[in-house]
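# Analysis of the macromolecular model
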Amino acid sequence: MPLIAVIGAQWGDEGKGKVVDLLAEKADLVVRFSGGPNAGHTVLNPYGEFRLHLVPSGIFYPHTRCLIGNGVVVSPAVLLEELEHLQKKEVDTSRLFISNRAHLIMPYHTLLDKLEEEARGSKALGTTRSGVGPAYMDKVARLGIRVGDLLDKEGLLSRLRFVLKQKNILLTKVYGTPPLSLKEIHHQYCQYGDRLAPFICDTEPLVKQALERGELILFEGAQGTLLDIDFGTYPYVTSSSPVVAGAFVGLGLSPTKIDYVLGVLKSYTTRVGGGPMPTELRGKTGESIRQIAHEYGATTGRPRRCGWFDAVAARFSTYINGFNGVALTRLDVLDTFASIKVCTGYKVNGDIIHQFPNNSAVLQRCQPIYEELPGWQCSTTHLRHFGELPPPAQSYVKRLEELINCPISIISVGPRREQTIIARPIL
Ligand code: IMP
């Protein structure tokens, strides 16, 4: 059985949660490999509606094991709250495994995320303020504290004493805030450790065994390619690698094992937080998309910036990840529009370009070149086969395939599992 990666191809919020929830029905293992509680995967299923920040979206299937890999940064407080909520809804959480190598989000990370954002003033990145950036900074600076450290209370105290000394200098001398208490943080994280202990383990052997048994493994991407620390719109990016390459270091697995990379693209574009977005619609049309689709951040509640589909950006993501196929989500959101635009190139400094610029300042100056396609102006939410889609909707999908140079395998026409069209088989 194969190994499938589900990867966000825009600026996050593409609907990966629904796609993973759908594919997880047949999966034995669902794995998160990057990001942290900044993610908000919305899943609507018979248990109810959920916004998952850390727990993989496969948790709802009784046969599926879920794994939080070493590449994830874990906030114990967020994770425990999420587990409690799932347990209250009678979802069995005993099949969750957390890598002992994953790094922890500590109270100084969330505090520094807020203070750094405030200090950036008008150049703020618009982070989710969940401490993700500062936690990854510490990982790379070799100042991190890992999930496995929670299991050794003495070791944790000694490590925390060393790290907190530096953090408190930063907090008091640079930001003028009171120091954090070693005793309080240690006590709190020992309690977290006691509660999370049953979930913590070496996760690499679990993936290895699943591969050896020929089980179906799903990688659940978080955020999106255009937020990638290397390939996104730097510096308006997250601090991890949401691209498929991130999965291999985020789990401890060889790239030769992957069978299928499924990109997830929304039928239009959204972005939350700062940074360039060439197809952003600031007027009535953008507001209509936001209202129809209820485009508000799952983690922060912030209104998402909305715009037409950007085929230049999507083509770039397709190349970077080598998508074998795409899941096109939220097609139904476009049901009422008389005409629909697609950005096929950019105009910048008098030139027309078809490559996604590597520089945010250049991207900021890019004006979209649009192709206008007829809308279909009827509901698609009840349709289950590609041939049933109104002809203009079929043409829209086919045009996107041409522009991004990748087959569209799945089309989502509503939030529920069954509101899905399988246009081409995956594998
Ligand atoms: P951070 O990841 O909280 O540091 O935020 C950095 C940027 O990534 C901000 O623009 C956030 O809005 C954005 N971001 C982070 N996670 C997500 C996500 O799951 N969906 C959409 N945007 C995200």
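Our subject is the structure that appears above.
The model shown is predicted, which means the values in this text are computed figures rather than measured ones.

Conventions used here
- Residues numbered from 1 in each chain as written.
- Predicted model: local features only at pLDDT ≥ 70, side-chain atom pairs only at ≥ 80, totals over all residues.
- Heavy atoms only, no water.
- Helix = DSSP H or I, 4+ residues; strand = E, 2+ residues; numbered from the N terminus.
- Buried < 20%, exposed > 50% of the residue type's maximum accessible area, 1.4 Å probe, protein only.
- Lys, Arg positive; Asp, Glu negative; His and termini not counted.
- Salt bridge = Lys/Arg side-chain N within 4 Å of Asp/Glu carboxyl O.
- Polar contact = N/O pair within 3.5 Å; in protein donor to acceptor, adjacent residues only side chain to side chain.
- Contact = heavy atoms within 4.5 Å.
- Near = heavy atom within 4 Å.
- Areas by Shrake-Rupley, 256 points an atom, 1.4 Å probe, with all protein chains shown as cover.
- Pairing = 2+ DSSP bridges.

Within the secondary structure, Arg271 sits in strand β12 (residues 269-271). Salt bridges are absent for the buried Arg271, whose nearest opposite-charge side chain, Glu280, sits at 8.1 Å. Engagement of the side chain of Arg271 in a polar contact is seen with the side chain of Thr233, the distance being 3.2 Å. Arg271 has contacts with Trp11, Leu227, Thr233, Tyr236, Pro276, Met277, Arg304 and Arg305, leaving out every residue within four places of it along the chain.

Right, let's talk about the side chain of Thr203 for a bit. With respect to the helices, strands and loops of the structure, Thr203 is situated in the loop between β9 (200-201) and α7 (204-212). Taking the relative accessible area as the measure of exposure, Thr203 reaches 1% and is therefore buried. Other than its neighbours up to four places away in sequence, Thr203 contacts Leu67, Ile68, Phe97, Ile98 and Ser99.

We now examine the site of the ligand. Neighbouring the ligand are 15 residues; Asn38, Thr128, Thr238, Val272 and Arg302 lie closest to it. A distance of 3.3 Å is found between an oxygen atom of the ligand and a backbone nitrogen or oxygen belonging to Gly126. Contacts to the ligand include Thr128, whose side-chain N or O atom sits 2.5 Å from an oxygen atom. Protein burial of the ligand: of its 460 Å² of free accessible surface, 97% is covered by the chains.

A few words on helix α4 (residues 132-140). Along an α-helix, residues three or four apart share an orientation, since each turn contains 3.6 residues. Within α4, the full set of buried residues consists of Val132, Gly133, Pro134, Ala135, Tyr136 and Asp138. The inward-facing, buried residues of α4 contact β6 (73-74), β8 (103-104), α3 (107-120) and α5 (153-174). With its phi angle positive at about 60°, Arg142 sits one or two positions after the end of α4.

What follows covers the pairing of strand β19 (residues 408-412). Among the 5 residues in β19, 5 count as buried, and that is most of the element. Pairing of strand β15 (residues 325-329) with β19, which is carried by 3 bridges, proceeds in the parallel orientation. Within β19, the residue paired with Leu328 across the bridge is Ile411. Strand direction decides the pairing type here: β19 and strand β20 (residues 420-422), joined by 3 bridges, are antiparallel. In the strand pairing of β20, Ser412 is matched with Thr420.

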